[in-house]
Amino acid sequence: MNPMINDPMNPIEMYGYGCTTTKRGRALIAKIMAAKMPLTLTRTMVGSGICPEGLFPGELQDLVEPVAAATSNEPMYDGDTVHMTVEYRSDLNGGLDHGFWIREFGVFARDLDGEEVLLYYGTLGDYPQWVSAYSKTGIDTRRFPISITVGEGATVIIDYSPEAFMTAEDVSQYCVVVMLPQFLAEAQKIIDAHNADAEAHPAIQNLSAALDSRLSLLELMYNTDVSGNPFTVTFESLTGLVATGVWNATQKRLEF
């Protein structure tokens, strides 16, 4: 299952299934925005704890019952929001030796004073997910897509190895959102450099030279006061000829 749980600023309804940015997390985001510093994510965790009844999960400063370190993909930006997927797999951390219920997960970040803060908390409420022990015949994977509002232009740095597997949908989105703009920018640089090359587009340049030559001939015929029969002479080369002027080899003519 890959539930989309995204409610970064509002309380979790009935303290059940959902996510929230914690109180300390919101304070940290405000500080890093004011200081114009990046938000550094330090780790993700999954656990089996249940938020105590009557306690708003945003008040938590750690998981209720942490079990294992998880991972994620690199965050993807959308205006003032970053999207990422928290992932736990049975092959992480040397392999899970016994199964457990995932009932909660958290994303931790580093405060400006170096202290670690629970930035984002997710609870599965009445819908926990069982993760089986690691087996060479199969890997049990659980993914939790989340969105965190960090402010326009904020940078998020992951201070751990983002080892999440990418699904076909992840790859497609990554290619469109991240790779395509980079590819188009690099392609435009190559196109601009090619267009600025004097040796580029020889066919177009030859056509332009031929048109310029014909235009010059028309200008000579109609803008020159010639009382007799106008004529022009072109030469493939000047071999055997004695002439005064500058030889325009491209347009095969003498220029005075």
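To start, this report covers the structure provided alongside it.

What counts as what
- Residues numbered from 1 in each chain as written.
- Predicted model: local features only at pLDDT ≥ 70, side-chain atom pairs only at ≥ 80, totals over all residues.
- Heavy atoms only, no water.
- Buried < 20%, exposed > 50% of the residue type's maximum accessible area, 1.4 Å probe, protein only.
- Helix = DSSP H or I, 4+ residues; strand = E, 2+ residues; numbered from the N terminus.
- Pairing = 2+ DSSP bridges.
- Core = buried A, V, L, I, M, F, W, Y, C linked by side-chain atoms within 4.5 Å.
- Contact = heavy atoms within 4.5 Å.
- Patch = residues over 30% accessible without salt bridge, like charges linked within 9 Å, V, L, I, M, F, W, Y side chains within 5 Å.
- Areas by Shrake-Rupley, 256 points an atom, 1.4 Å probe, with all protein chains shown as cover.
- Salt bridge = Lys/Arg side-chain N within 4 Å of Asp/Glu carboxyl O.
- Phe/Tyr/Trp six-rings, centres within 6.5 Å; stacked < 30°, edge-to-face > 60°.
- Lys NZ or Arg CZ within 6 Å of the ring centre and 35° of its normal.

Sheet faces and side chains relate simply in a regular strand, where the side chains alternate between the two faces. Burial runs high along strand β6 (residues 81-89): eight of the nine residues are buried. Bridge count between strand β4 (residues 71-72) and β6: two bridges; the pairing is antiparallel. Across the sheet, residue Ser72 finds its bridge partner in β6, namely Val86. Relative to β6, strand β5 (residues 76-78) is paired through three bridges, and the arrangement is antiparallel. Bridging across to β6, Tyr77 finds its partner in Val82. Linking two consecutive strands that pair antiparallel, namely β5 and β6, is a turn of two residues; a positive phi of about 65° is found at Gly79 within it. Pairing of β6 with strand β11 (residues 141-149) involves nine bridges; the strand directions are antiparallel. Residue pairing across strands places Thr81 opposite Thr149, the latter belonging to β11.

This part is about the nonpolar core. Membership of the largest hydrophobic core comes to 33 residues, with the highest contact counts inside it found for Leu39, Leu41, Tyr88 and Ile146. Elements represented by at least two residues in this core include exactly α1 (23-35), β2 (39-47), β6, β7 (100-102), β8 (104-110), β9 (116-123), β11 and β12 (156-158). Among the elements that take part in this core, β6 stands out by supplying four residues, more than any other. Leu41 has contacts with Met84, Val107, Phe108, Ala109, Leu119, Val156, Ile157, Ile158, Asp159 and Tyr160, leaving out every residue within four places of it along the chain. Membership of the second largest hydrophobic core comes to seven residues, among which are Met45, Leu60, Leu118 and Tyr121.

A cluster of nonpolar side chains, Val176, Leu180, Phe183 and Leu184, forms an exposed patch at the surface whose accessible area comes to about 400 Å². Tracing the sequence through the fold places Leu184 in helix α2 (residues 168-196). A residue is classified by how much of its surface remains accessible, and Leu184, at 49% relative accessible area, is partly exposed.

The final tally for this structure, using the stated rule, is three aromatic pairs. With a centroid separation of 5.6 Å and 70° between ring planes, the pair formed by Tyr88 and Phe100 is classed as edge-to-face. Within this pair, whereas Tyr88 is found in strand β6, its partner Phe100 is found in strand β7, the two being separated by twelve residues in sequence. Here Phe100 falls in the buried class, since its relative accessible area comes to 6%. Taken together, a centroid distance of 4.9 Å and an interplanar angle of 15° make the contact between Phe105 and Phe144 stacked. Separated by 39 residues along the polypeptide, Phe105 in strand β8 and Phe144 in strand β11 bring together distant segments of the chain. Each member of the pair, Phe105 together with Phe144, is buried. Of note, Arg43 hangs over the ring of Phe108, and the distance from its end group to the ring centre comes to 3.9 Å.

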